[in-house]
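# Coordinate inspection notes
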Amino acid sequence: MTGSPLDVLRSVFGFESFRGHQAEVIGHMVGGGDALVLMPTGGGKSLCFQIPALCRDGVAIVVSPLIALMQDQVEALRQLGVRAAALNSMLGPGEAVEIERRMRGGELDLVYVAPERLAADGFLTQLERCRLALFAVDEAHCVSQWGHDFRPEYLQIARLFERFPGVPRIALTATADGPTQRDIVERLNLGRARVFVSGFDRPNIRYRVEPKRSSARTQLLAFLEAEHGGAKGGDAGIVYCLSRGKTEEIADWLRRQGFNALPYHAGLDKRVRAAHQDRFLKEDGIVMVATIAFGMGIDKPDVRFVAHLDLPKSMESYYQETGRAGRDGLPSNAWMAYGLEDVAKLRHFMDASTAPERQKQIERQKLDALLGYCETSRCRRQVLLEYFGDSLPESCGNCDTCLEPVETYDGTVDAQKVLSCVYRTQEMFGAAHVIDVLLGGDTERIRKFHHQRLSTHGIGKDRTRDEWRSIARQLVAMGLLVVDVEGHGGLRLGSECRAVLRGERSVALRRDTGFARLRKPDRDKSAAKGKPHALETAEDEALFQALRARRLELARQQGVPPYVIFHDTTLAAIARERPKSIQALSGLPGVGQAKLERYGADFLQVVASA
Ligand code: ADP
Ligand code: ZN
């Protein structure tokens with residue numbers, strides 16, 4: 001296959017134009033240069049090596065860490081009519097030999113290789129006999145010990161590069177801070193590589209964070225109903241939880257609410273885990289309730305939401321986990337509920353770990369940064385991007401604080417009530433008990449410690465429990481209260497709280513609209529978010545669903561994920577435009593030559609019978 005990169009983009013992939021740095025990177029690679037590409041998830045990294053692979057002579061060798069991911073990409077390429085194969089441990093004995101033969105014979109454009117394979121001498125010798133177009137290293141942060149996913153086998157890549165110094169190489173990753181980036185350059189010997197850094201912004205993701213009320217799962221349900229049409233909406237998503245037990249519990253509960261939910265965690269039987277992952281990829285509308293064991297290498301483009309029922313460890317984890325939403329560029333949600341208990345739990349884990357003190361300190365700071373993000377009254381995207389050294393000059397208009405600006409009020413008196421209650425209960429109790437006292441409760445504990453006699457008993461009856469919780473959390477985020485983790489989450493007074501108690505300093509608190517926020521979903525105003533593909537009429541929507549059903553049938557017949565046939569974006573365009581001919585269909589995004597031949601008639605028929 002030859003032609004200019006733009007021709008290939010249009011005829012093979014069916015896309016009109018390059019995005020971001022793609023054109024530059026591809027031009028550089030086609031010209032034989034080396035490159036390091038940092039691009040956010042969904043930015044379109046794959047094309048950066050796939051198109052040069054097609055434009056240059058010979059076979060491109062792509063190192064990729066996960067077999068599932070590899071199979072997926074190879075399948076997607078085959079659907080496009082590209083000659084691709086994967087060399088990994090899943091192959092039968094004869095199959096690897098056959099792939100190697102085709103490599104030598106110039107019958108393949110791209111070969112995906114598991115890093116273990118590189119260690120085998122035989123393999124490098126095989127490569128000597130091939131014409132090589134380029135080397136690509138996907139998920140390049142795996143080579144760095146500073147990265148969050150170090151894989152020792154990745155160190156083998158350096159050997160490969162030494163052996164073939166003249167072959168252009170490209171390393172790609174979505175997450176690399178400064179040290180990781182330098183490590184990649186050093187370990188992969190990319191000193192001569194041009195570095196392409198794209199912004200970290202994911203404009204199609206809408207960020208929302210709300211404080212946990214008495215039932216976080218009810219909040220989750222309210223969110224899913226308001227934003228994703230509930231169980232009937234059929235949107236695929238991921239719900240992250242901290243513990244294995246909780247993933248199972250929440251998955252069960254969601255199933256009882258009518259969702260197609262599955263659990264995923266490292267404690268599940270290997271086959272069950274693989275089967276759940278497979279269903280997530282191949283069926284529409286699965287909600288995966290998972291620990292962080294799930295996600296690395298999940299390339300599913302149409303994940304419509306990522307929900308956190310527990311706090312992630314850091315801003316990096318949050319960015320990476322939420323980044324799995326909306327790779328196809330369509331509107332998607334990142335939603336999180338967080339509470340003080342989460343913070344205490346995470347801090348406790350960190351303290352109990354056997355990691356060196358310095359590392360624990362770093363982890364605590366990372367958690368604090370995340371909390372600052374949760375409690376901010378600024379645009380969330382700005383806070384997020386600034387954390388990664390990126391910036392956004394204006395507020396984004398697509399996060400909760402932009403959409404429903406956080407109002408603040410003079411909360412000095414409220415703060416004083418909490419602080420003095422903590423003081424009078426001798427800085428020994430957690431937020432729950434302090435709030436019981438404020439509310440004038442009559443619990444066993446209150447009686448046991450004679451807290452009904454305190455002057456602060458019952459002085460907070462003007463507010464609800466949820467409101468007091470939020471206030472306590474904000475005081476923690478401001479450092480006016482300190483959560484004592486050794487003391488099992490007891491609240492202590494921070495060093496600056498005297499000024500507040502004496503009335504010398506005022507405290508602005510957010511009037512936490514988080515409690516009211518999702519109560520009345522406004523489906524009309526939010527049509528574009530409830531239905532990410534934004535179809536205007538009921539007829540279009542019905543056609544879209546019919547196209548989806550046909551796609552699922554075609555996918556089932558071949559045992560491939562539906563999105564390798566067409567993305568939702570393409571189906572939505574078909575539903576809107578209603579093409580009557582192959583010619584008309586070929587003009588729509590994501591419809592390349594091979595797919596046109598393969599599926600054109602099928603989908604035209606669905607349109608015709610609508
Ligand atoms: P990454 O690996 O960076 O997360 P992918 O390479 O998987 O991203 O691409 C993300 C999505 O964007 C894919 O569905 C891909 O088909 C689509 N895409 C990539 N480049 C373009 C483009 N130039 N025009 C339209 N869609 C694109
Ligand atoms: Zn914003």
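Since the structure is predicted, the reported quantities are computational estimates derived from the model, not experimental observations.

## Brief notes about the overall build of the protein
Along the backbone of the protein there are 27 helices and 17 strands. Over its C-alpha trace the protein gives a radius of gyration of 27 Å, about what one expects of a compact globule, namely 25 Å for 610 residues. Taking the intrachain contacts of the protein between residues at least 6 apart in sequence as the baseline, contacts between residues at least 24 apart amount to 72%. Taken as two groups, the 83 positive and 79 negative side-chain charges of the protein have centres that lie 2 Å from each other.

## A word on the coordination of the zinc ion (ligand 2)
With distances of 2.3 to 2.4 Å, the protein atoms coordinating the zinc ion (ligand 2) are Cys379 (SG), Cys396 (SG), Cys399 (SG) and Cys402 (SG). Coordination at the zinc ion (ligand 2) comes from four donor atoms whose angles at the metal span 103 to 118 degrees, giving a geometry best classed as tetrahedral. The sequence pattern describing where the donors of the zinc ion (ligand 2) fall on their chain is C-x16-C-x2-C-x2-C. The class of Cys399 is buried, set by a relative accessible area of 0%.

## Thoughts on the side chain of His433
Its place among the elements puts His433 in helix H19 (residues 431-438). Taking the relative accessible area as the measure of exposure, His433 reaches 3% and is therefore buried. Not counting the four nearest positions on each side in its chain, His433 is found in contact with Arg445, Ile446 and His451.

## A closer look at the site of ligand 1
In the vicinity of ligand 1 lie 15 residues, with Gly42, Lys45, Ser46, Arg327 and His567 positioned nearest. For ligand 1, a nitrogen atom lies 2.9 Å from a polar atom in the backbone of Ser17. In this structure, an oxygen atom belonging to ligand 1 sits 2.8 Å away from a side-chain N or O atom of Lys45. Contact with the protein chains removes 85% of the 570 Å² of surface that ligand 1 exposes when unbound.

## Looking at the layout of surface pockets
To find leftover empty space, one rolls a probe the size of a water molecule over the atoms. Estimated volume of the second largest pocket: approximately 1300 Å³. If you go around the second largest pocket, you meet 47 residues; those closest to its centre are Gly44, Ser46, Pro301, Arg327 and His567. For the lining of the second largest pocket, the elements supplying multiple residues, two or more each, are helix H1 (5-13), helix H3 (45-55), helix H4 (67-79) and helix H25 (568-577). Looking at the lining of the second largest pocket residue by residue, the classes come out as 17 nonpolar, 19 polar and 11 charged.

## As for helix H11 (residues 244-256)
Along an α-helix, residues three or four apart share an orientation, since each turn contains 3.6 residues. Along its 13 residues, H11 runs 19 Å from first to last C-alpha, staying within 8% of the 18 Å computed at 1.5 Å per residue. Among all positions in H11, only Thr247, Ile250, Ala251, Trp253 and Leu254 are buried. All buried residues of H11 lie within an arc of 165 degrees about the axis, which places them on one face of the element. Against helix H10 (216-228), strand S9 (236-240), strand S10 (261-264) and strand S11 (287-290) lie the buried residues of H11. Count one or two residues on from H11 and you reach Gly258, which has phi positive near 95 degrees.

## Remarks on the packing of aromatic side chains
On inspection of all chains with the given rule, the structure shows 12 aromatic pairs. Look at Phe566 and Tyr599: their rings are 6.3 Å apart centre to centre, the planes differ by 70 degrees, and that puts the pair in the edge-to-face class. Separated by 33 residues along the polypeptide, Phe566 in the loop between helix H24 (538-558) and H25 and Tyr599 in helix H27 (residues 593-608) bring together distant segments of the chain. Tyr599 shares its class with Phe566; the two are buried. Members of the aromatic cluster, joined through ring pairs, are Phe135, Phe161 and Phe164. Between the NZ or CZ atom of Lys300 and the centre of the ring of Phe280, over which it lies, the distance is 5.5 Å. The side chain of Arg380 reaches across the aromatic face of Tyr373, ending 5.5 Å from its centre.

## Details of the domain arrangement of the protein
Split into domains, the protein comes out as domain 1 (5-197), domain 2 (205-403), domain 3 (407-511) and domain 4 (535-609). On a C-alpha basis, the centroid separation for the pair domain 2 and domain 4 is 31 Å. Each side of the interface is counted separately: domain 2 has 11 residues, and domain 4 has 12 residues. Of the roughly 950 Å² buried between domain 2 and domain 4, counting both surfaces, carbon and sulfur atoms make up 53%.

## Observations concerning the pairing of strand S3 (residues 84-87)
Going residue by residue along S3, you find Ala84 and Ala86 tucked away on one face and Ala85 and Leu87 tucked away on the opposite face as well. Pairing between S3 and strand S4 (residues 110-113): four bridges, direction parallel. Note on S4: the bridge partner recorded for Ala86 is Tyr112.

## Points about the side chain of Asn333
Relative to the helices and strands, Asn333 resides in strand S13 (residues 332-338). The contacts of Asn333, once residues within four sequence positions are left out, are Ile205, Arg206, Arg208, Phe223, Glu227, His228, Arg304, Phe305, Val306 and Ala325.

## Some details on the sheet that holds S10
Strand order in this open sheet of six strands is S8-S13-S12-S9-S11-S10, and the pairing throughout is parallel. Each edge of the sheet is formed by a strand with only one pairing partner; in this case those strands are strand S8 (205-211) and S10. On average, each strand axis in the sheet is tilted by 15 degrees relative to the strand beside it, whichever way the strands run. Across seven bridges, S8 lies against S13 in parallel orientation. In the sheet register, Ile205 faces S13, and the bridge partner there is Ser332. The strands that helix H12 (residues 270-282) touches are S9, S10, S11 and strand S12 (303-308); relative to S10, the one it contacts most, it runs at about 135 degrees.

Definitions and cut-offs
Residues numbered from 1 in each chain as written. Chains lettered and ligands numbered in written order. Predicted model: local features only at pLDDT ≥ 70, side-chain atom pairs only at ≥ 80, totals over all residues. Heavy atoms only, no water. Helix = DSSP H or I, 4+ residues; strand = E, 2+ residues; numbered from the N terminus. Rg over C-alpha atoms; globule rule 2.2 N^0.38 Å. Contact = heavy atoms within 4.5 Å. Lys, Arg positive; Asp, Glu negative; His and termini not counted. Charge placed at Lys NZ, Arg CZ, Asp CG, Glu CD. Donors = N, O, S within 2.8 Å, 3.2 Å for Na, K, Ca; no water. Tetrahedral: all angles 85-135°; square planar, octahedral: opposite > 155°, others 65-115°. Buried < 20%, exposed > 50% of the residue type's maximum accessible area, 1.4 Å probe, protein only. Near = heavy atom within 4 Å. Polar contact = N/O pair within 3.5 Å; in protein donor to acceptor, adjacent residues only side chain to side chain. Areas by Shrake-Rupley, 256 points an atom, 1.4 Å probe, with all protein chains shown as cover. 1 Å grid on protein atoms, 1.4 Å probe; cavity = no way out; pocket = protein on both sides within 12 Å on 5 of 7 lines; lining within 4 Å. Points joined across faces, edges and corners; volume = space filled by probe spheres on them. Nonpolar A, V, L, I, M, F, W, Y, C, P; charged D, E, K, R; others polar. Expected span 1.5 Å × (residues − 1). Arc of directions from axis to C-beta. Phe/Tyr/Trp six-rings, centres within 6.5 Å; stacked < 30°, edge-to-face > 60°. Lys NZ or Arg CZ within 6 Å of the ring centre and 35° of its normal. Domains from an automatic or database assignment. Buried area = accessible area lost by both parts, 1.4 Å probe. Pairing = 2+ DSSP bridges. Axes fitted to C-alpha atoms, helices over the stretch in contact; angles between N-to-C directions.

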